[in-house]
Amino acid sequence: MFGVVPKVLWSRVYSSEENNLIDLTLRSMVVEIDGHVILIDTGWGDKQDEKFFRHVNLHGGEGLIGGLKNRGYTPEDITDVFLTHLHADHCGGCVKRAAGGKGYELTFPRATCHVSRAQWEWAIKNNLREEDSFLEENILPIGKSGHLNLVEGEGELFPGFSVILCYGHTPGLMIPLIKYKDKTLVYTGDLIPTAAHIPLIWNMSYDIESLKTIEEKQRLLNEALTGGYILVFQHDEHIECCTLEMAPKGIRSKEKFEFKNIS
Ligand SMILES: [Zn+2]
């Protein structure tokens, strides 16, 4: 998760156990706008076998459907699924095994699935570097369903919900900027997966082009600092949200807080 940053450095800001494993969360988000109920990212899902999941050591949490239920949503309530990208830990929950046990179906039967065209075409083509992340069973059923909307470029997708496109983690990663109360929230996805990834060169080895990730983080962090945005982290087990400030070595987190405390 921290690429070339040595453990002596990253372990001071993100705790690990003796096997170097760290706890990460899969924090999805629901946004209600203008009659749309938009679900941002869907976690791993449950289609793959035990061996596959042993590798990621899933534990804790409410699960996607459980988390939605605890907040009053059924799968039928979701009108839009916004997939930041098609790596398995982001889109897997969008497709489930069909009721009869044969084939697959969409978990959110009414929802339009939004994926950037750049990411869709890249993932369909696949490549050696990302083939463990782009799984056919997660992706092809979305295309076949007729529910796919390819997002062509940056800009507003829903009123007060706009998209930035990034290419360093994977081509066409979508980062949503969302107006909420009088604030702007950035769901930083895999561009800044945890608060520990705010320093420009603290990046994941999953990124396919590190230098692009650095440029894209710089652009987003500058905009977020100037605009007073709140970052919402998808993968940080310990920190849900933060504001930013300029520190001697660059932009860093300022206040850290839970989502429910945004006023
Ligand atoms: Zn990813």
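Computed from a prediction, not measured in an experiment: that's the story for all the values here. (Residues numbered from 1 in each chain as written. Predicted model: local features only at pLDDT ≥ 70, side-chain atom pairs only at ≥ 80, totals over all residues. Heavy atoms only, no water.)

A cluster of acidic side chains, namely Glu-17, Glu-18, Asp-23 and Glu-237, defines a negative patch on the protein surface. Along the chain, the position of Glu-18 falls in the loop between α1 (7-13) and β1 (29-33). (Patch = residues over 30% accessible without salt bridge, like charges linked within 9 Å, V, L, I, M, F, W, Y side chains within 5 Å. Areas by Shrake-Rupley, 256 points an atom, 1.4 Å probe, with all protein chains shown as cover. Salt bridge = Lys/Arg side-chain N within 4 Å of Asp/Glu carboxyl O. Lys, Arg positive; Asp, Glu negative; His and termini not counted. Charge placed at Lys NZ, Arg CZ, Asp CG, Glu CD. Helix = DSSP H or I, 4+ residues; strand = E, 2+ residues; numbered from the N terminus.)

Taken together, the buried positions of helix α6 (residues 136-145) are Asn-138, Ile-139, Pro-141 and Ile-142. Immediately beyond the C-terminal end of α6, within one or two residues, lies Gly-146, with a positive phi of roughly 80 degrees. (Buried < 20%, exposed > 50% of the residue type's maximum accessible area, 1.4 Å probe, protein only.)

Coordination of the zinc ion by the protein is provided by His-85 (NE2), His-87 (ND1), His-169 (NE2) and Asp-190 (OD), with metal-donor distances spanning 2.1 to 2.3 Å. Each of the 4 donor atoms around the zinc ion contributes to a set of angles spanning 87 to 176 degrees, which defines the coordination as irregular. Each donor residue of the zinc ion belongs to the same chain, with the gaps between them written as H-x1-H-x81-H-x20-D. Of this pair, His-87 sits in the loop between β3 (80-82) and α4 (88-91) while Asp-190 sits in the loop between β11 (183-187) and α7 (210-227), and the two are 103 residues apart along the sequence. Each member of the pair, His-87 as well as Asp-190, is classed as buried. (Donors = N, O, S within 2.8 Å, 3.2 Å for Na, K, Ca; no water. Tetrahedral: all angles 85-135°; square planar, octahedral: opposite > 155°, others 65-115°.)

Spatially, 5 strands are ordered β1-β2-β3-β6-β7 in an open sheet, and the strand pairing comes out mixed. The sheet is open, and its two edges are formed by β1 and β7 (148-151), each paired on a single side. Within the sheet, the average angular offset between the axes of one strand and its neighbour, ignoring direction, is 25 degrees. Relative to strand β2 (residues 36-40), β1 is paired through 5 bridges, and the arrangement is antiparallel. Considered in β2, the bridge of Val-31 is made with Ile-38. Helix α5 (residues 117-125) rests against β6 (112-116) and β7 of the sheet, and its axis sits at about 85 degrees to β6. (Pairing = 2+ DSSP bridges. Axes fitted to C-alpha atoms, helices over the stretch in contact; angles between N-to-C directions. Contact = heavy atoms within 4.5 Å.)

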